[in-house]
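# Remarks on the overall topology
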Amino acid sequence: MDLAYIPSPSTGVLHLGPIPLRGYAFCIILGVFVAVWLGNKRWIARGGAAGTVADIAVWAVPFGLVGGRLYHVITDYQLYFSEGENWVDAFKIWEGGLGIWGAIAFGAVGAWIGCRRRGIPLPAYADAIAPGIALAQAIGRWGNWFNQELYGKPTDLPWALKITESANREAGLYHPTFLYESLWCIGVAVLVIWADRRFKLGHGRAFALYVAAYCAGRGWIEYMRVDEAHHILGLRLNVWTAIIVFVLAVVYMVVSARLRPGREEIVEPRSRKPVSVEKAERTEQDEPAAEPEEPAGSSAAEDEDVENGAGNGAGSATKG
C-alpha cells in the first residue's frame, strides 16, 4: 500500500461557465506575467524606464511560443506525422509540447527586434529578465503536472507522482521530473540574482549564467525521463543539447568578461543621462547661489554717507 505520493489532477481543464481554462495554458501565462514583473523591477534598478520590459515582451513572447512549438514538433515529429497520427494536432499547443531551446532561441530574436526599436542593447535586457525567465519555467513546468506528462522512471519514494492510466500512458508511481525541474529553476533564479548583485554582471553574463545553470540541471533531469525521445550515442537528444548549450554559455561568460569587463552604465539612453552630466547637475544644485554684484563705487559711497551721518549726529548732539 502506498502511504504517500503526489496525486495528479483528474482533469487538465477547469470550466469557468462556458469558458474552458486549461491548466497548461494557465501556467504558461502566469509564468510570462511573473517574468515581465520581475524583469521590469530589475530593469528599472539598472536605470531603464518602466514599461520597457513589457513593450519588448510583446515581441519576445509570441516568437518564443512559436519557436518552442517548432522545436517540439521537429524533434518529436513522429507524434504528428507518423502513420495513424493527425498532423493538425501539431497546432494544438494547449495540449502540451513546448521546447525550451526553441523558445529561448526564437524569443531572443523577438527581443532583439524589440530592443532595436527602443534603441537599447539586447545583452543588458537579457541580463534583466534572466531570473524572471527561470521563474517562468518553474511555473510553466506545473503545466506538465496538469497534463500528466514528462514524468520520470518508476519509484517508490514518498514524493512519487501518481499517474493514471490512459491510451498513451501506464498507471503507476513515477519520479516527478516536473517538480525537480521546477525547484531547480527557482534555485537558478536565486543564483542569478545573488551573483548579479555580488559581481555586478553585465553585457549578457547574467543571462549566460542562467543558461549554464539551467542546462546543468536539465541534463540530469532529462536523463530520468521515460517519455519517447530520439537518442544519439545512447543519450537523449535534449541531453546533448543541454551539454552543448552549457559549454557555449560558459565560453561566452569567460570571453565576455575579458573583452568587456564591468557592467553597462547606461542601459536605456532615453531614460538616463550620462553619469558625468548627472554629477555636474548635482554639483550645481548643491552650490549656494552667488550674491549679486554691487555697482562699482556704491560701497564706498555708502560708507562715506554713514560716516557723515554719524558725524552730523555727533555734532548735533554736542550742540544740544
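This one's a predicted model, so the numbers in the text were calculated from it and none came from an experiment.

### A few points about the overall build of the chain
When helices and strands are counted, the chain shows 11 helices and 6 strands. Within the chain, the fraction of its 320 residues that count as buried is 38%. Counted over contacts in the chain with a minimum sequence separation of 6, partners at least 24 positions apart contribute 70%. Counting every atom, the chain has about 18800 Å² of accessible surface; 64% of that belongs to carbon and sulfur.

### Some details on the environment of Val73
Looking at where Val73 falls in the secondary structure, it is placed in helix α2 (residues 52-75). Filtering out sequence-adjacent residues up to four positions away, Val73 remains in contact with Tyr80, Phe81 and Ala90.

### Some remarks on the side chain of Asn147
Structurally, the position occupied by Asn147 is in helix α6 (residues 142-147). Here the side chain of Asn147 touches Glu149 through a polar contact of 3.4 Å, side chain to side chain. Beyond its immediate sequence surroundings of up to four residues, Asn147 is in contact with Tyr24, Trp94, Glu95, Gly96 and Arg169.

### Side note on the pattern of salt bridges
Across all of its chains, the model carries 13 salt bridges by this definition. Its salt-bridge partner being Glu222, residue Arg225 comes within 3.2 Å of it at the nearest N-O pair. As far as burial versus exposure is concerned, Arg225 and Glu222 are alike and both buried. Sharing partners across several salt bridges, the network here consists of Arg141, Glu181, Arg218, Glu222, Arg225, Asp227 and Arg236.

### Observations concerning a nonpolar patch on the surface
Judged by side-chain polarity, Ile243, Phe246, Val247, Val250, Val251, Val254, Val255 and Leu259 come together as a nonpolar surface patch covering roughly 640 Å² of accessible area. In this fold, Val250 is placed in helix α9 (residues 237-259). On the accessibility criterion, Val250 (30% relative accessible area) is partly exposed.

### Quick notes on the packing of aromatic side chains
One pass over the full model with this rule turns up 11 aromatic pairs. Their ring planes at 75° and their centres at 6.2 Å tell us that Trp87 and Phe91 sit as a pair that is edge-to-face. These aromatic residues form a ring-pair network of at least three members: Trp142, Trp145, Phe146 and Phe178.

### Remarks on the packing of helix α5 (residues 122-140) against helix α7 (residues 177-199)
Relative orientation and spacing of two packed helices are given, respectively, by the angle between their axes and the distance between those axes. Orientation of α5 relative to α7, taken along the N-to-C sense of each, is 165°, at an axis distance of 8 Å. It follows that α5 is roughly antiparallel to α7 by the angle criterion. Our pair here, α5 against α7, has a crossing hand that is left-handed. Two secondary-structure elements touch here, α5 through Ala130, Pro131, Ala134, Leu135, Gln137 and Ala138 and α7 through Glu181, Ser182, Cys185, Ile186, Val188, Ala189, Val192 and Ile193. The residue inventory of the contact of α5 with α7, partitioned by class, reads 11 nonpolar, 2 polar and 1 charged.

Thresholds, definitions, all that
Residues numbered from 1 in each chain as written. Predicted model: local features only at pLDDT ≥ 70, side-chain atom pairs only at ≥ 80, totals over all residues. Heavy atoms only, no water. Helix = DSSP H or I, 4+ residues; strand = E, 2+ residues; numbered from the N terminus. Buried < 20%, exposed > 50% of the residue type's maximum accessible area, 1.4 Å probe, protein only. Contact = heavy atoms within 4.5 Å. Areas by Shrake-Rupley, 256 points an atom, 1.4 Å probe, with all protein chains shown as cover. Polar contact = N/O pair within 3.5 Å; in protein donor to acceptor, adjacent residues only side chain to side chain. Salt bridge = Lys/Arg side-chain N within 4 Å of Asp/Glu carboxyl O. Patch = residues over 30% accessible without salt bridge, like charges linked within 9 Å, V, L, I, M, F, W, Y side chains within 5 Å. Phe/Tyr/Trp six-rings, centres within 6.5 Å; stacked < 30°, edge-to-face > 60°. Axes fitted to C-alpha atoms, helices over the stretch in contact; angles between N-to-C directions. Parallel < 35°, antiparallel > 145°, perpendicular 65-115°, else oblique. Left-handed = near helix turned anticlockwise from the far one by under 90°. Nonpolar A, V, L, I, M, F, W, Y, C, P; charged D, E, K, R; others polar.

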